[in-house]
Amino acid sequence: MSTASIITAVVMIRAQRGARGREAVVGYMLAASWLIGFVALYLLITALSAVMDPEQVQTLLWPSGSGLVVGMIYLAGGVAYHDMPQFTLGAWLAVIASAALFFEGANLYWALAVAGGGYLVAAALRPRGTATATVGGGSTNRYITK
């Protein structure tokens, strides 16, 4: 996990090189959200594993909790950059990841794979148009799909 965190930090720093002002701050905050979200999830699962059946807690919460964290960060990114497809994807992932907990056994994974992964594939294959919007009243144009 530490190796992945370091690689992610290096990639995010490089991606933010040209950003200035408000856009840079938003980018850094969203990048930090990934680390904060997954550290919080780790602490939650570790604490629950100490008082409940560790195998069951980890089997349920790692996949669904990860989907929830990713969904919430996509929601935040959609709001920050006025990007409706990213916001919609985040909402979908957060709801699907949470609702998947109602399924028993391997059906949890099927729900996450088909509903969560299927939406990602559909979003990737969707034709895109271009439109621009200002972020936070600034002059930065962002690519937003119609």
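These numbers come from a predicted model, not from an experiment.

Another point: the overall build of the protein. A count of helices and strands for the protein gives five helices and zero strands. Taken from the N to the C terminus, the helices and strands of the protein come in the order α-α-α-α-α. Out of the 146 residues belonging to the protein, those deemed buried represent 28%. For the protein, the share of sequence-separated contacts (at least 6 apart) that also reach a separation of at least 24 residues comes to 46%.

Let's shift gears to helix 5 (residues 107-125). Taking 1.5 Å per residue as the helical rise, helix 5 with its 19 residues ought to reach 27 Å, and the 26 Å between its terminal C-alpha atoms agrees with that figure. Turning to helix 5, its buried residues are L108, A111, L112 and G116. Here the buried face of helix 5 lies against helix 3 (54-80) and helix 4 (84-99).

Take G71: it is sitting in helix 3. Sequence separation between G71 and A97 is 26 residues, and the spatial gap between their C-alpha atoms is 8.3 Å. When sequence neighbours within four positions are dropped, the list of residues in contact with G71 reads G90, L93 and A94.

Before going further, it helps to spend a moment on the confidence of the model for the protein. Considering every residue of the protein, the mean pLDDT works out to 81; 75% of them sit at 70 or more. Per-element confidence in the protein ranges from a low mean pLDDT of 65 for helix 1 (residues 2-15) to a high of 94 for helix 3. Low confidence marks residues 130-135, where pLDDT is under 50. Its contacts with residues over four positions away, or in another chain, come to 21 contacts. Across residues 137-146, confidence stays below pLDDT 50; counting only partners more than four residues off in sequence or on other chains, it has 32 contacts.

Turning next to a nonpolar patch on the surface. Taken together, the side chains of L35, V39, Y42 and L43 make up a nonpolar region of the molecular surface, amounting to roughly 370 Å² of accessible area. Mapped onto the secondary structure, V39 falls in helix 2 (residues 21-51).

The topology assignment puts A97 in helix 4. Judged by its relative accessible area of 2%, A97 is buried. The spatial distance from the C-alpha of A97 to the C-alpha of L68 is 5.6 Å, given a sequence separation of 29 residues. Setting aside chain neighbours within four positions, we find A97 in contact with S64, G67, L68 and L112.

Cut-offs and rules
- Residues numbered from 1 in each chain as written.
- Predicted model: local features only at pLDDT ≥ 70, side-chain atom pairs only at ≥ 80, totals over all residues.
- Heavy atoms only, no water.
- Helix = DSSP H or I, 4+ residues; strand = E, 2+ residues; numbered from the N terminus.
- Buried < 20%, exposed > 50% of the residue type's maximum accessible area, 1.4 Å probe, protein only.
- Contact = heavy atoms within 4.5 Å.
- Expected span 1.5 Å × (residues − 1).
- pLDDT = per-residue confidence, 0-100.
- Patch = residues over 30% accessible without salt bridge, like charges linked within 9 Å, V, L, I, M, F, W, Y side chains within 5 Å.
- Areas by Shrake-Rupley, 256 points an atom, 1.4 Å probe, with all protein chains shown as cover.
- Salt bridge = Lys/Arg side-chain N within 4 Å of Asp/Glu carboxyl O.

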